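# Fold and contact review
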Amino acid sequence: MGRLKTLFRKKESGPHPDRVMEAQLRQKFGAFRRLLADNQEVMEIITDLEEKYNGDYIFDMQYLRASIRRLSEKVYSLIHLLNEISNLKYGELYRTYEQIYQELTDLLAKKRKIPVDDLVLTFDRITLEKEESVGGKMANLGELRNRLGLTVPEGFAITAYAYKEFIRYHHLQEEITQHLTQLDINNLEDLIVVSRDIQKRILEKPIPPFLEEILVQSYQDLAGKTGGPVKVSLRSSALGEDSRLSFAGQYGTILNVSREDMGEKYKEIVASKFTPRAILYFIGKGFQEEDIAMGMGCMRMIQAKAGGVMYTVDPGNPQRPEAVIHAHWGLGKTVVDGTVTPDVFWVSKEGPYQLRQSHLARKEKMLVNNPEGGITWKEVAPDLQDGPCLSETIIGQLGRIAGIIENHFSHPQDIEWVLDERDEIYLLQTRPLKIFTQKGIPSSQEIPELSQFPVLLETGVMGAQGVGSGPVFVAHQERDLVNFPAGGILVARTPSPKLVTIMSKAKGIITDLGSSASHMAALAREFRVPTLLNTQKATEILAPGLEITVDATNCRVYQGKVEKLIEYAEEESVNPFEDTPLFILFDKILTRIVPLNLVDPTQADFTPAHCRTFHDIIRFTHQTATQEMFSLSTSPLTASGEALRLDTETPLEILLVDLGGGIDALLKGKKVKPDQILSWPMRSFWQGVQSMKWPGPKPLDMKGFASVVVRTAAEPGGENRIYSEKSFALLSKDYMNFSIRLGYHLSTIEVLGGPGENENYIKFIFKGGGATIDRRDRRARLVATILEKIGFQVGQKLDLVDARLLHHPKEVMEKVLFSLGKLTVYTKQLDMVMFNDAIVDWSIEEFFKEHMAR
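Heads up: these notes are all about the structure in this document. (Residues numbered from 1 in each chain as written. Predicted model: local features only at pLDDT ≥ 70, side-chain atom pairs only at ≥ 80, totals over all residues. Heavy atoms only, no water.)

### Things to note about the sheet that holds strand 6 (residues 304-311)
One open sheet holds the 6 strands; their spatial order is 9-8-7-6-12-13, and the pairing between them is antiparallel. Every other strand in the sheet has two partners, leaving strand 9 (355-359) and strand 13 (425-432) as the edge strands with one partner each. Direction aside, neighbouring strands of the sheet carry axes that sit 20° apart on average. Both strand 6 and strand 7 (residues 323-329) contribute to a ladder of 6 bridges, which runs antiparallel. What sits directly across from Ala306, in strand 7, is Trp329. Together, strand 6, strand 7, strand 8 (343-347), strand 9, strand 12 (413-420) and strand 13 form the strand contacts of helix 13 (residues 392-409), whose direction differs from that of strand 13 by roughly 40°. (Pairing = 2+ DSSP bridges. Helix = DSSP H or I, 4+ residues; strand = E, 2+ residues; numbered from the N terminus. Axes fitted to C-alpha atoms, helices over the stretch in contact; angles between N-to-C directions. Contact = heavy atoms within 4.5 Å.)

What follows is the structure, encoded as structure tokens:
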């Protein structure tokens, strides 16, 4: 009280101390509100990060950097605001923050280092160890040639270092980075514009003299080895390509190129790094643009008799022990592009490499080398159209090669090959085969409900397992993809790697043509989009907008949404991006952000020194700030002379401090009547108080009387003190911090109730009494039981009750506060009559029966 009186004294000059204190109160309250807003925002950022990490949403490094930057700023703000509220008690948090922030910054700044090397390496100098120089595709080919002794076309690789020098020579990196930084990856139209601008800048630049010279010399060396001028094929080999991720069909391959065109075609391969689908792919998979330096392979062009793709494991049936070969007359490009339906052969990978099964297709046209350069379509001779394009001998040789390569890499492989006119097999590419296994989708016999849904298609081949449902979207050309809706089923004539641009939001893909050996099927398996190929008539039968369910595993399409199948498939769902560089980085970043180690505020380790993540800091600042605010109503600051007195018929003296919008401003300087309070938490609570008849003194037995006598005699002020202590309430429109003294017990109620339910809470502390400890304990148990029944989370220890109600809307909180008002009056001096436990039970029943039922 002495301290309170001091605060009411006037000084001769300077700001009145009461006004200073009130300004400090307002400042703390303002900081607390900003802290709550920031806390809400950081939790939304973390939720968004977790949603991206665990969901199917496409995002990029730009998103990650922006999110971490925003999160870091807000976490720093939380620390600053907590220190503003607490008078700089928690400076140690800044050191913890700096350590975590630096770790995050270091993770985001890591970049791949492109090694300095020769501009060109001949194939005899390349093995897997050169992957960082020549890219995964050429490194794998070098490994086949130099470690396994298998046949690959003669050639050389233009290194990633040469690409770096090309970009440096023309000062292109800054332009490229600027374009990509401004790109909205989810806006396809924006993506197309950015792609066009970057490619244009690359193509208009000349080949630097130093690169032109080495290209000419390398070609002449190749021609010398092959007996004269030859046409060549140019194949992209970017860093990261054909490694853990396939990049299938994303970058350029140009066939049958003459020496004179090599320079221009090299630039086209470099520019292919920036096609819309390639940008979307590498950004979506978490590569930084600078990390994907474009290497290139230059190989003697093979006059193809037949070509295709071989999987060392059948993706549609990984349990089968055979390799599966997709083959067609002429160049294998038709197979990987999905523009033809190939023959399919299953062959043993162990001697004697027997053909186990074959499906033959009608093969009317094939792609061949054009003598003038480039490639052209040609009719297949009539007598060859329906027969196998490979002999059993060649099939057996491919089976042997499949076993050798798979054993060497210790992983199923996706191998591109070509057969020349002398029946010699050349290998053009090998890369890890992406396979995900899924338990079988039940058939119509196993799910009777399926008979209710018309089967629209029951044909084709599975490109990627799974079930998806959504409206049909028919794409006739690439630009149609701009309008593809999230959750749709894409229906197209042919499979194409260009479809990768919609795979992150597609529930399924169905095509008329194609095979599971196509680039698009490989991408669909990476993105885990249920894909059904070679249906022959999907574009004719499936009308735009029609809701369908595609069961790619069983090669069926149902009309309508088949919930049973979808539920079954969802049980098996996994994140399709979990092994991408972005997710590996993302995982490391989240370990510095998400784990919550500070759980229990009552534990000794709930301190700044024990914060190990941003979430720990957020938790600590929120909890501690709330606690600091909770204690404000009992701090010296609240003894302000600016406080207004509540005009009440109760014997309580209640002072109100308006923090903004809590009391009608026109009435300041007068006593405040209850109906002039604008703070809805206070109004609701006080209405509950007023609804009760103010109780008179409780009948005392000798023990209760003695305890009161002892306490009043022992404490300063004696019995006159019982109602002489002031109660204080800090109020704003939607905030109340009310410390109410009723005799020997103190209740503190703090309420925040804004429009956002997530931040809303009621905190209630009840402690003390005039009776003996056993009776105070019984009253505390009574209070705790009633609070639990009306929805609070309650802790009780002897006569202390600590209760919280979180995340409820204003309408619910108004009713709860009304009940708290009743409970406050009902329990006044009730400890005096808590003779035994039966009284507690009877009182609880009476409270609900007499006071809560009305």
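From this point, things continue past the structure.
### What about the nonpolar core?
For soluble globular proteins, nonpolar side chains are generally found buried alongside one another. In this structure, Leu180, Val232 and Tyr266 are the most contacted members of the largest nonpolar core, which totals 52 residues. The dominant element in this core, judged by the number of residues it contributes, is helix 6 (residues 160-169), at 6 residues. Setting aside residues up to four positions removed in sequence, Leu180 forms contacts with Gln62, Val194, Ile198, Phe274, Ile279, Phe282 and Glu289. (Core = buried A, V, L, I, M, F, W, Y, C linked by side-chain atoms within 4.5 Å. Buried < 20%, exposed > 50% of the residue type's maximum accessible area, 1.4 Å probe, protein only.)

### Comments concerning the pairing of strand 29 (residues 800-806)
Here strand 29 shows a clear split, with Val801, Ala803 and Leu805 buried on one side and none of Leu800, Asp802, Arg804 and Leu806 buried on the other. Note: strand 28 (residues 793-797) against strand 29, 5 bridges, orientation antiparallel. Bridge pairing links Gln793 to Arg804 in strand 29. Connecting strand 28 to the next strand, strand 29, in antiparallel fashion are 2 residues, including Leu798 with a positive phi near 50°.

### Things to note about the sheet that holds strand 18 (residues 506-511)
With mixed pairing, the 8 strands of this open sheet are ordered in space as 14-21-20-16-17-18-19-15. In this open sheet, the two edge strands, each paired with only one partner strand, are strand 14 (455-457) and strand 15 (461-464). Sheet twist, expressed as the mean angle between neighbouring strand axes with direction ignored, is 35°. Pairing of strand 20 (residues 547-551) with strand 21 (residues 556-559), which is carried by 4 bridges, proceeds in the antiparallel orientation. Paired with Thr549 across the bridge in strand 21 is Tyr558.

Treat this as a map of the structure, not an account of what it does.
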